[in-house]
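# Remarks on the overall topology
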Number of protein chains: 2
Amino acid sequence: MNLVLLLPEDFISEDQVKLTGRRAHHLLTIKRVILGDILLVGQLNGQQGQGRVIAIEQHSLLLTVILDTPPIAPLPVHLILALPRPKMLKRILQTISAMGVKQLSLIHCAKVEKSYWQSPWLEPNKIAENLFLGLEQAQDTLLPQVTCYQRFKPFVEDRLAELSTNTRKIIAHPGQGEHCALVLANKRTIGAATPTITTTLAIGPEGGFTDYEIALFEQAGFKTCHLGARILRVENAIPVLLGQFI
Amino acid sequence: MNLVLLLPEDFISEDQVKLTGRRAHHLLTIKRVILGDILLVGQLNGQQGQGRVIAIEQHSLLLTVILDTPPIAPLPVHLILALPRPKMLKRILQTISAMGVKQLSLIHCAKVEKSYWQSPWLEPNKIAENLFLGLEQAQDTLLPQVTCYQRFKPFVEDRLAELSTNTRKIIAHPGQGEHCALVLANKRTIGAATPTITTTLAIGPEGGFTDYEIALFEQAGFKTCHLGARILRVENAIPVLLGQFI
């Protein structure tokens with residue numbers, strides 16, 4: 001937790017917050033904060049700044065906060081991701097949130113097992129929990145928007161054009177297209193203040209998209225790129241690809 | 001398992017192997033291979049090629065193999081990594097192996113808990129197991145060399161100069177130095193046949209190297225670089241940084 005994320009219900013006045021639960025527990029037992037400590041804090045979907053610990057009880061802390069700094073610039077990427085298996089979803093949500101993606105579309109496709117859509121990790125409060133952890137790790141405050149599309153064809157045929165309009169469209173697929181470093185070269189916007197989304201990036205499931213699915217993406221204007229000769233797990237392909245934009 | 005890694009003890013003749021245990025179980029129950037199937041195979045530290053299934057028993061398979069293709073080019077990076085906590089070590093070993101690192105030094109430093117060095121995941125056979133999984137994922141055969149250095153100062157003062165001789169020396173550290181994309185720009189060797197190690201890359205623990213440790217690395221000729229404003233977990237910083245070389 002490199003930033004303490006403040007939720008609307010934490011505010012007891014305009015400049016005072018009371019922290020309880022997980023965050024209080026972490027600050028008191030792991031970080032071992034004491035009275036007078038200054039912490040990096042940030043308001044969910046708002047500014048960040050400093051919080052000063054002014055009271056400590058057994059399971060809560062009181063801070064006065066000054067929120068005067070805008071959040072870190074988002075990554076200019078809309079990520080379309082085949083729904084990962086539940087075991088991985090939790091960690092991948094944290095990764096995506098920490099790396100600054102603000103628009104995530106989780107989609108179905110042939111190699112996503114239908115049962116994955118029943119995962120409790122897809123409940124909105126569980127998704128939010130893991131996105132919070134990513135924001136706290138990366139010192140960010142802007143919550144990513146996550147949308148689920150449980151049917152592949154309606155997504156690709158009816159929604160994809162609109163969602164990816166005016167962006168570069170890239171789909172990562174082992175062994176096809178150009179090397180991602182060439183496709184994405186010089187597309188960084190280091191230090192850009194508030195980049196809008198410039199790239200729509202699609203990443204398939206373990207086992208990849210099918211040829212049919214790739215063809216539908218290509219019809220929608222997507223260009224395939226690969227990550228070299230090695231086939232990476234999705235959990236590694238995501239930071240490798242998003243790392244091209246940081 | 002995108003490649004079946006063949007160990008010396010698998011060979012029952014020059015061109016026949018008998019697979020048992022984990023690999024046989026995976027091929028029979030997950031991949032559901034049948035007689036006559038052709039599989040991508042590779043000899044540990046040797047060539048890769050094709051294996052044809054010629055017999056199946058309850059817990060084993062017999063393949064005839066032709067090994068005529070050299071392995072994928074290694075990543076030209078010697079990775080120096082602060083020993084991750086045991087829970088992460090297993091997965092990080094798989095990642096490093098899959099991404100093509102062939103020289104890994106695990107080191108101690110201030111923010112590595114001493115108890116981590118007692119982890120059963122550091123036993124040589126456990127390390128090898130996880131490196132094998134990474135090779136199988138990435139379709140590689142060359143086993144990384146892993147060396148452990150349990151004392152920081154002797155490592156940095158007595159070994160580091162020799163280990164990093166004739167390479168670029170980079171240490172990743174949040175908030176310091178130049179952006180890694182600038183430091184590492186144009187250093188890819190896409191498609192290079194057999195790159196030798198050109199870069200020594202050091203990555204700290206969760207919580208980072210201390211200023212004192214950074215200073216010692218800098219005295220040894222290391223240049224600090226950062227990954228932008230976001231602080232990433234080690235498990236994500238590794239693929240982001242190694243991704244600059246693939």
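All values derive from a computational prediction rather than experimental measurement.

## Considerations on the relation of the copies chain B and chain A
Of the transformation superimposing chain B on chain A, the axial component is 0.0 Å and the angular component is 180°, with the fit at an RMSD of 0.0 Å. The relationship between the two copies is best expressed as a two-fold rotation axis. For chain B, the smallest separation between a C-alpha atom and the rotation axis is recorded for B:V240, amounting to 2.4 Å. Here 100% of the contact residues of chain B are again contact residues in chain A; the copies associate through an equivalent surface.

## Concerning the pattern of salt bridges
For the coordinates displayed, the defined rule picks out 17 salt bridges over all chains. Between B:D140 and B:K102 there is a salt bridge; the shortest N-O distance is 2.5 Å. Of the two residues, B:D140 is situated in the loop between α3 (124-138) and β9 (145-149) and B:K102 in the loop between α2 (86-99) and β8 (103-107); the sequence distance between them amounts to 38 residues. Accessibility expressed as a relative area gives 14% for B:K102, which makes it buried. It is possible to trace a salt-bridge network through shared partners that takes in A:K102, A:D140 and B:R230.

## Section: the domain arrangement of chain A
Residue and element names in this part refer to chain A. Split into domains, chain A comes out as domain 1 (4-69) and domain 2 (77-242). One C-alpha centre belongs to domain 1, the other to domain 2, and the line joining them spans 32 Å. Between domain 1 and domain 2, the buried area comes to about 830 Å², and carbon and sulfur atoms account for 59% of it. The three residues of domain 1 that bury the most area against domain 2 are L5, R22 and N45, which together make up 53% of that side's buried surface. Inspection of the region where domain 1 meets domain 2 yields 1 salt bridge. Our enumeration of links across domain 1 and domain 2 arrives at 4 residue pairs in polar contact (both at pLDDT 80 or more). Among the secondary structure elements, those contributing two or more residues to the side of domain 1 that touches domain 2 are α1 (21-30) and β4 (38-43). The greatest single-element share of the side of domain 1 that touches domain 2, amounting to 3 residues, is contributed by β4. Residues of the side of domain 1 that touches domain 2, tallied by class, amount to 4 nonpolar, 6 polar and 2 charged.

## Thoughts on the environment of A:R230
The residue A:R230 is located in the loop between β13 (223-226) and α7 (234-242) in this model. The contact partners of A:R230, leaving out residues within four places of it in the chain, are B:I72, B:A73, B:P74, B:S97, B:A98, B:M99, B:G100, B:A138 and B:D140. At a separation of 3.0 Å, a polar atom in the side chain of A:R230 contacts the side chain of B:D140.

## With respect to the side chain of A:T199
All names here are of chain A. Here T199 shows up in strand β12 (residues 199-203). Overall, the relative accessible area of 0% leaves T199 in the buried class. Here the side chain of T199 touches R168 through a polar contact of 2.7 Å, side chain to side chain. What T199 contacts, discounting residues up to four positions off in sequence, is P76, V77, H78, T167, R168, I170 and F245.

Criteria and cut-off values
- Residues numbered from 1 in each chain as written.
- Chains lettered and ligands numbered in written order.
- Predicted model: local features only at pLDDT ≥ 70, side-chain atom pairs only at ≥ 80, totals over all residues.
- Heavy atoms only, no water.
- Least-squares fit on C-alpha atoms with pLDDT ≥ 70 in both.
- Contact = heavy atoms within 4.5 Å.
- Salt bridge = Lys/Arg side-chain N within 4 Å of Asp/Glu carboxyl O.
- Helix = DSSP H or I, 4+ residues; strand = E, 2+ residues; numbered from the N terminus.
- Buried < 20%, exposed > 50% of the residue type's maximum accessible area, 1.4 Å probe, protein only.
- Domains from an automatic or database assignment.
- Buried area = accessible area lost by both parts, 1.4 Å probe.
- Polar contact = N/O pair within 3.5 Å; in protein donor to acceptor, adjacent residues only side chain to side chain.
- Nonpolar A, V, L, I, M, F, W, Y, C, P; charged D, E, K, R; others polar.

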